[in-house]
Amino acid sequence: NFEYYYHLEIQDSTNNQKMIEAFEFITKSDSSLYGGYFFLSLLYKQINNNKKYIDYMDQYIKYSQNNEKAHYLKAIFHFEKKEYIDCLFVLQQILTKNKNSLLARFMTGQSLLELQSYQSASEAFNIVLANDSHHLKARYNLGQCYLKLNIYDKAINQFTQTLLLYPNYEKTYYYLGY
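Anyway, here's the lowdown on the structure attached to this text.

Rules used in this analysis
- Residues numbered from 1 in each chain as written.
- Predicted model: local features only at pLDDT ≥ 70, side-chain atom pairs only at ≥ 80, totals over all residues.
- Heavy atoms only, no water.
- Helix = DSSP H or I, 4+ residues; strand = E, 2+ residues; numbered from the N terminus.
- Expected span 1.5 Å × (residues − 1).
- Buried < 20%, exposed > 50% of the residue type's maximum accessible area, 1.4 Å probe, protein only.
- Arc of directions from axis to C-beta.
- Contact = heavy atoms within 4.5 Å.
- Phe/Tyr/Trp six-rings, centres within 6.5 Å; stacked < 30°, edge-to-face > 60°.
- Axes fitted to C-alpha atoms, helices over the stretch in contact; angles between N-to-C directions.
- Parallel < 35°, antiparallel > 145°, perpendicular 65-115°, else oblique.
- Left-handed = near helix turned anticlockwise from the far one by under 90°.
- Nonpolar A, V, L, I, M, F, W, Y, C, P; charged D, E, K, R; others polar.
- 1 Å grid on protein atoms, 1.4 Å probe; cavity = no way out; pocket = protein on both sides within 12 Å on 5 of 7 lines; lining within 4 Å.
- Points joined across faces, edges and corners; volume = space filled by probe spheres on them.
- Salt bridge = Lys/Arg side-chain N within 4 Å of Asp/Glu carboxyl O.
- Core = buried A, V, L, I, M, F, W, Y, C linked by side-chain atoms within 4.5 Å.

Between its terminal C-alpha atoms helix α2 (residues 16-29) stretches 20 Å, which fits the 20 Å expected from 14 residues at 1.5 Å a residue. All buried positions along α2 are accounted for by N16, M19, I20, F23, E24 and T27. For α2, the arc enclosing every buried residue in end-on projection is 130°, short of the 170-degree limit, so these residues lie on one face. Relative to its buried face, α2 has exposed residues pointing more than 90 degrees away, namely K18, F25 and K28.

Locating H78 in the fold gives a position in helix α5 (residues 68-80). Not counting chain neighbours up to four residues away, the residues in contact with H78 comprise I54, E83, D86, C87 and V90.

What follows concerns the packing of aromatic side chains. Any two aromatic rings considered together are summarised by their centre-to-centre distance and by the angle between their planes. On inspection of all chains with the given rule, the structure shows 9 aromatic pairs. With a centroid separation of 5.7 Å and an interplanar angle of 5°, the aromatic rings of Y44 and Y56 are classed as stacked. One end of the pair, Y44, is in helix α3 (residues 35-46); the other, Y56, is in helix α4 (residues 50-63), and 12 residues separate them in sequence. Both residues of the pair, Y44 and Y56, belong to the buried class.

Before going further, it helps to spend a moment on the packing of helix α6 (residues 84-97) against helix α7 (residues 102-114). Contact pair α6 / α7: the axes reach a minimum separation of 9 Å and the direction vectors enclose 160°. Taken together, the axis directions place α6 and α7 in an arrangement best described as roughly antiparallel. The handedness of the crossing between α6 and α7 is left-handed. In this structure, α6 contributes Y84, C87, L88, L91, I94 and L95 to the contact, and α7 contributes A104, R105, M107, T108, S111, L112 and E114. Taken together, the residues of the contact of α6 with α7 sort by class into 9 nonpolar, 2 polar and 2 charged.

Our next topic: the layout of surface pockets. For the largest pocket, the calculated volume is near 160 Å³. In terms of lining residues, the largest pocket is bounded by Q110, L113, E114, K137, Y140, N141, Q144, Y169 and K171. Of all the secondary structure elements, the ones that give two or more residues to the lining of the largest pocket are α7 and α9 (136-148). Looking at the lining of the largest pocket element by element, the count peaks at 4 residues for α9. Taken together, the residues of the lining of the largest pocket sort by class into 3 nonpolar, 3 polar and 3 charged.

Tracing the chain through its elements places T108 in helix α7. Judged by relative accessible area, T108 falls into the buried class, the value being 15%. Each residue touching T108, except ones within four places of it in the same chain, is listed here: L88, L91, L95 and A124.

Taken as a whole, this structure holds 3 salt bridges when the rule is applied. The partner of E80 in a salt bridge is K45, with the nearest N and O atoms 3.8 Å apart. You can see E80 sitting in helix α5 and its partner K45 sitting in helix α3, a full 35 residues away along the chain. The exposure class assigned to K45 is partly exposed, which follows from its relative accessible area of 31%.

Once that is clear, we can look at the nonpolar core. With 17 residues, the main nonpolar core has F106, L113, A121, F125, A138, L142 and C145 as its most contacted residues. Elements with a minimum of two residues in this core: α7, α8 (118-131), α9 and α10 (152-165). Leaving out residues up to four positions away in the same chain, F125 has contacts with F106, G109, Q110, L113, A138, N141, L142 and C145.

What follows is the structure, given as structure tokens:
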């Protein structure tokens, strides 16, 4: 069982090389044991080998028939590395398969916001809010988009709605002048 072995040994980083060797042997011997690719990707991420992380995550995605969770992990990895274009590419793959994914829409909005594509980001956040009107960060980020687009009445409305729904969300107070 991959998960048992992985969780048992992952705590001791001195075993990383042994685990990498074992999982590489297993996955090369039988590609139907594709879970090994997932654990290899995590091991390589842990030792900061980003190229191998992506390579093995791609193998896992391929053999697991486009596992959506693996796509999310890959998108998050790119986002954390500030590789927003790559993140958007992975998110588009998710949305092609599951157009109703609010998480992929939200992450798309986040990436577009980071790329300063405020109009497109606002469209993504509006889709999220049309399906989940209480999504705190989508509403707050939509307010930021409107602010950057100089649509101040809509920005104030979004920040006010955020504050009404989540009175303890302190970031909102800044934009409302409290």
